[in-house]
Amino acid sequence: MLDVLGLEPDDERVYRELLGRPNSPAVLLSDLLVLAQASVDKSLSRLVEWGLATRSSDDRFTAAPPAMALGALISQRRDGLRTAEQALVTFAEEHRAAMTGSSITDLIEVVTGVDAIRHRFLQVQQAAGTQVRSFITAPFVALPPDENTAEPMALGRGVLFRAVLDRAVLAEPGIITDAIESLRNGVQLRVADHLPMKLVLADADLGLVPLAVTPAGEPGAVLLHRSGLLDALDALFETVWRSAHPLELSGTGVGSEPAVTFGPPGPSELDRRILALLLAGLTDLTAATQLGLSPRTLHRRLRHLMDMAGVRSRMQLGAYAVRNGWAEPLGT
């Protein structure tokens, strides 16, 4: 359990035994744990060095209180991780600077073979700090969606996942079950009638594009670093995302089976009413009251509309809504 802090299994066993047996000599611990004396001595030295145990003048040992000793160790590790994160930012900036003016071979890496593509596919998701966007088409080259171990880990870090599925993928065995699980976990899914390619984007820094099978019979892919080509794929994803049909969960009440349903490709009637009221000059609170919504619900709907439109501010959303006819209610 404490291996994440750098403790060996024997260290943890000795520390646990000391918690219930303060002021114990090493020989007693060796007998109780059925460990070699040399192993116990090594663990005790490490525990004393790390402040997890104290040693008396007559060579007896007592465990330091966990809340104090382990808390201090956890804080040290947390500080170390923060330092590593800062170094990561610095290294990333140095890498971006080095990539400026680089040759094509520095910006594009060719990957061949299923294992290599799978490895890069997981790495791209692990490298994401903000969002992962993907086009999912059949057949699956690296691994099927339900075996994507990097997704739940990235979701746990707060990374946003948005994926567009080719409609044909919905016929794949088990894909609906996987879609339900993804939607429950916060993944945003949409469906397009046809996707031009497979694609995975990590933030605006990395992209993986699987290619056709090589003449030798192996699947291939290209890993793209920040470049004009990656910017084009970024724009392509957002264009397809805006026109694709959202997938939503339905039937999640008590006693009902969850199912995946298609949502409308554009804003709902409620969304249009929200936009119309706000563009008319009403405040958030007044608009929410008029529509019988809580301010939190209204803000959540606005965030959804901004994602749908691919914009980052309310001003941009308003302009987009006017240009695309979103501002007029669908009914009275």
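Conventions used here
- Residues numbered from 1 in each chain as written.
- Predicted model: local features only at pLDDT ≥ 70, side-chain atom pairs only at ≥ 80, totals over all residues.
- Heavy atoms only, no water.
- Helix = DSSP H or I, 4+ residues; strand = E, 2+ residues; numbered from the N terminus.
- Buried < 20%, exposed > 50% of the residue type's maximum accessible area, 1.4 Å probe, protein only.
- Contact = heavy atoms within 4.5 Å.
- Areas by Shrake-Rupley, 256 points an atom, 1.4 Å probe, with all protein chains shown as cover.
- Polar contact = N/O pair within 3.5 Å; in protein donor to acceptor, adjacent residues only side chain to side chain.
- Salt bridge = Lys/Arg side-chain N within 4 Å of Asp/Glu carboxyl O.
- pLDDT = per-residue confidence, 0-100.

1. Re the overall build of the protein chain
Logical step 1: Looking only at helices and strands, the protein chain features 13 helices and 12 strands.
Logical step 2: Expressed as a percentage of its 332 residues, the buried residues of the protein chain come to 36%.
Logical step 3: Put simply, of all contacts in the protein chain between residues at least 6 apart along the chain, 65% involve residues at least 24 apart.
Logical step 4: Here the protein chain displays about 18,400 Å² of accessible surface, and carbon together with sulfur accounts for 57% of that area.

2. Some remarks on the side chain of Asp11
Logical step 1: Tracing the chain through its elements places Asp11 in helix H1 (residues 9-20).
Logical step 2: Among the residues examined, Asp11 registers a relative accessible area of 2% and is labelled buried.
Logical step 3: A polar atom in the side chain of Asp11 sits 2.6 Å from the side chain of Arg46.
Logical step 4: Leaving out residues up to four positions away in the same chain, Asp11 has contacts with Ser43, Arg46 and Leu47.

3. Some thoughts on the environment of Leu211
Logical step 1: Mapped onto the fold, Leu211 is located in strand E9 (residues 206-213).
Logical step 2: The exposure class of Leu211 is partly exposed, given its relative accessible area of 47%.
Logical step 3: With 14 residues separating them in the primary sequence, Leu211 and Met197 have C-alpha atoms 8.3 Å apart.
Logical step 4: Setting aside anything within four residues of it in sequence, one finds Leu211 in contact with Gly220, Ala221 and Val222.

4. Some remarks on the pattern of salt bridges
When the charged atoms of two side chains lie near each other, side chains of opposite charge can form a pair.
Logical step 1: Taken as a whole and judged by the stated rule, the model has 13 salt bridges.
Logical step 2: Measuring nitrogen to oxygen at the nearest pair gives 2.9 Å for the salt bridge that ties Arg118 to Asp115. With Arg118 and Asp115 both in helix H6 (residues 114-127) and 3 residues apart, this pair spans about one turn of that helix.
Logical step 3: Given the relative accessible area of 59%, Asp115 is considered exposed.
Logical step 4: Taking the shortest distance from any N to any O, the salt bridge between Arg133 and Glu238 comes out at 2.9 Å. With Arg133 in strand E5 (residues 131-136) and Glu238 in helix H9 (residues 228-243), the pair connects residues that are 105 residues apart, well separated along the chain. Residues Arg133 and Glu238 agree in their burial class; the two are buried.
Logical step 5: Salt bridges sharing partners connect three or more residues here, namely Arg133, Arg162, Asp234 and Glu238.

5. A word on the confidence of the model for the protein chain
Logical step 1: Here the protein chain shows a mean pLDDT of 78. Residues at 70 or above account for 75%.
Logical step 2: The low-confidence segment residues 251-256 (pLDDT under 50) makes 4 contacts with residues lying over four places distant or belonging to another chain.

6. Focus on the environment of Leu270
Logical step 1: Take Leu270: it is sitting in helix H10 (residues 269-279).
Logical step 2: Judged by its relative accessible area of 32%, Leu270 falls in the partly exposed class.
Logical step 3: The spacing of Leu270 and Leu291 is 21 residues in sequence and 8.4 Å in space, taken between C-alpha atoms.
Logical step 4: Excluding anything up to four places from it in sequence, Leu270 contacts Leu291 and Leu293.

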